[in-house]
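Structure at a glance
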Amino acid sequence: MFVSASFAQVSLSPPMVVINPNRMHSIEPAIAQTSRFAINVMPVASCDLVARLMSMRRREPNKAQAVGLRITEDERHIPFVEGALRVLFCEVESTIPSGDRRLYIARVLESRLNAALADQRPLLFSDVLGSPSGRKVWKLFRRAFIVSGALDLAKRLRDKLRPPPPPNIALTTYEEAGATEEEIARVTEYDVVDRSRRLTPPAAPAIVKQKVGVCVVGTGWGGVHCRYLRMASPTVRLFVCGRNADKAARLGRSVGAEGIFTDLRTAAEDARVQALTLALPHDIHRQAAETAAAAGKHVLVEKPIATDLADADAMIDAAKSAGTILMVAEDMHFRPAIREAVDCIRRGDVGEPLYLLVHAGGLRRPQGWAADKNRMGGGVLIDIGVHYIRALRLLMGEPDRVLASRAMQINTKMLGEDSVHLVFSSRFGWEAAMLLTWSSPRGHLPDIVLAGEKGTLHLWPGKRYLDYYPATPRVLPSLISYVRPYWLQEALFRPQMQRVRLTQPDKDGTGYLGEMREFLAAVIEGRAPESRPEDGRRDLEIVLRCYESLDRGTWTAIPSVDSEK
């Protein structure tokens, strides 16, 4: 889909038109391949919708769906917009090379008027200029300036104060909207559509409508599960299971549990329990999940899904055979700031996403099973890195290769790595860098920074908001840029002046609450969860390739999603 300011008529008999789509947009190769297209003349009422479409990044997939346009096909299989005022269905007759654009001369097969919108005038390019709030005001002022002659007077005064250079139409066209063959090749080597992103977060938190019996297995992190289950559904029937009877009893009393178990099989077979959440050491996830599936119970298992792909596959197969739900507790999938960041990307607020920077962790000294590399499956990478790999997949897409390295080990009491540095790259033209550490403090920093050509996003751990820094200067920074001398300008400017804080309505910024709501809703409604177990398997697969790169000290390829089991 491509928004064009105009198209030209070539002849009336036969009816023919000419278009010149930019070769760096996806519409051009589509027309070249099919030789058919539709020109959709939009009604003026669609002004805001078309403005949103124009602001989207060039390589955004599914643009029509993102803005709410409904695309359908006519009997000739030519896609068109259902809400258009008039549609011209066209077939290419000839093509004329013309530099960074190609001229397509096409015969009009049919002109179809939308009778329901016949009383509206066509949308003009001038209608969509400016922001939605200031569009009408600007048009009124502009009209008044033109009629009164003030606009011409202002232009003459500007030209006297700052004489313009001699007109150079070719240079102006090139600088504003042109490209050389070399520039086109540099842009299109990454494809005209960015298809790297396969995952999307849910549009809104799930709603829990009924009571359900849930047993939390594990008395360590299981306490966090209990707290968020109560927040997700105050009427949840809560049970606790732990091998240490005293710990299980203490946790059960503190959360008002209806029952206490010391054996997983007994808990899974209890008729009052419909689902279990597993907050257990990583190496026994498979055993616990298979026990629950054999009893016909739904399972929410803590990340990572397992320590190897064979165990992950066995867990997925067991749930499928039993007809039960298996969901991985990945809070990044439900983090409000992640959802808003994805919307920012879709809207085109950051333009092309270019870099993702992650700095996560902080000082931690794991003990017990968490310090055992074999039981843990590694160290900081598999424990918290799996979270940020999910964030990477949601925000940027599927990586194609990874290079892992690390600094010296500080915590020699743990067998797994206490820090790691990862660099991911994609054939679609973006990169990501992650510093994951338990050996140094983080300080006051966003844990995720997403940098694009039109803006940068800062996401803060556990916060319901994110910060947006647009590339276009805001009003106050623009005014300060005129201040002289420069030392005074520098003294007045603050980076926060350019910040736009985007606050979300969710009660919890961590994603834990959304995660628990989604699991309970999926159990009650008998549907697959938004975060599928296959997504958890993919996260683990990427983690394991990171470890492979760490061992080899070289770039390591990551299998494409299509090559997964």
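Our subject is the structure listed above.
Residues numbered from 1 in each chain as written. Predicted model: local features only at pLDDT ≥ 70, side-chain atom pairs only at ≥ 80, totals over all residues. Heavy atoms only, no water.

**Some remarks on the sheet that holds strand 17 (residues 431–437)**
The pairing of strands in a sheet comes from backbone hydrogen bonds and takes either a parallel or an antiparallel form. Rules: DSSP-based pairing: two strands are paired if at least 2 bridges between them are found. Elements are defined by DSSP. Helices are runs of H or I of four residues or more, strands are runs of E of two residues or more, and each kind is numbered from the N terminus. Contacts: residue pairs with any heavy atoms within 4.5 Å of one another. Axis lines are fitted through C-alpha atoms, for helices just across the contact stretch, and the angle between N-to-C directions can take any value from 0 to 180 degrees.
Taken in spatial order, the nine strands make up an open sheet running 21-20-19-18-14-17-16-15-22, and their pairing is mixed. Strands at the two margins of the open sheet, each flanked by one partner only, are strand 21 (500–503) and strand 22 (556–557). Where strand 14 (residues 353–361) meets strand 18 (residues 448–452), five bridges bridge the pair, whose relative direction is antiparallel. Across the sheet, residue Leu-356 finds its bridge partner in strand 18, namely Leu-450. Packed onto the sheet, helix 15 (residues 380–395) meets strand 14, strand 16 (419–425), strand 17 and strand 18 and runs at close to 155 degrees relative to strand 17.

**Structural notes on unusual backbone geometry**
Going from Ser-13 to Pro-14, the amide bond is cis rather than trans, its omega being 0 degrees. Take Pro-14: it is sitting in the loop between strand 1 (8–11) and strand 2 (16–19). In this structure, the amide linkage connecting Arg-484 to the following residue, Pro-485, adopts the cis form with an omega of 5 degrees. On the secondary structure map, Pro-485 appears in the loop between helix 16 (475–480) and helix 17 (486–492). Of note, the phi angle at Ser-35 is positive, near 65 degrees, even though the residue is not glycine. Phi angles above zero are rare outside glycine, and Asn-62 is one such case at about 55 degrees. For Asn-62, the position within the fold is in the loop between helix 2 (47–55) and helix 3 (63–67).

**A look at empty space enclosed by the protein**
To keep things clear, this is the line we draw: Note on definitions: the grid is 1 Å and covers protein atoms alone; a cavity is a set of points where a 1.4 Å probe fits but cannot get out; a pocket is an open set with protein on both sides within 12 Å along at least five of seven lines; lining residues have an atom within 4 Å of a point. Grid points are joined across faces, edges and corners, and a volume is the space filled by probe spheres set on the points.
Applying the stated criterion across every chain yields a total of three cavities of 30 Å³ or more. Empty space within the largest cavity amounts to approximately 130 Å³. Around the largest cavity, the lining comprises 16 residues; the ones closest to its centre are Pro-205, Phe-334, Arg-339, Asp-506 and Gly-514. Of all elements in the fold, only helix 13 (336–347) and helix 18 (512–525) reach the threshold of two or more residues within the lining of the largest cavity.

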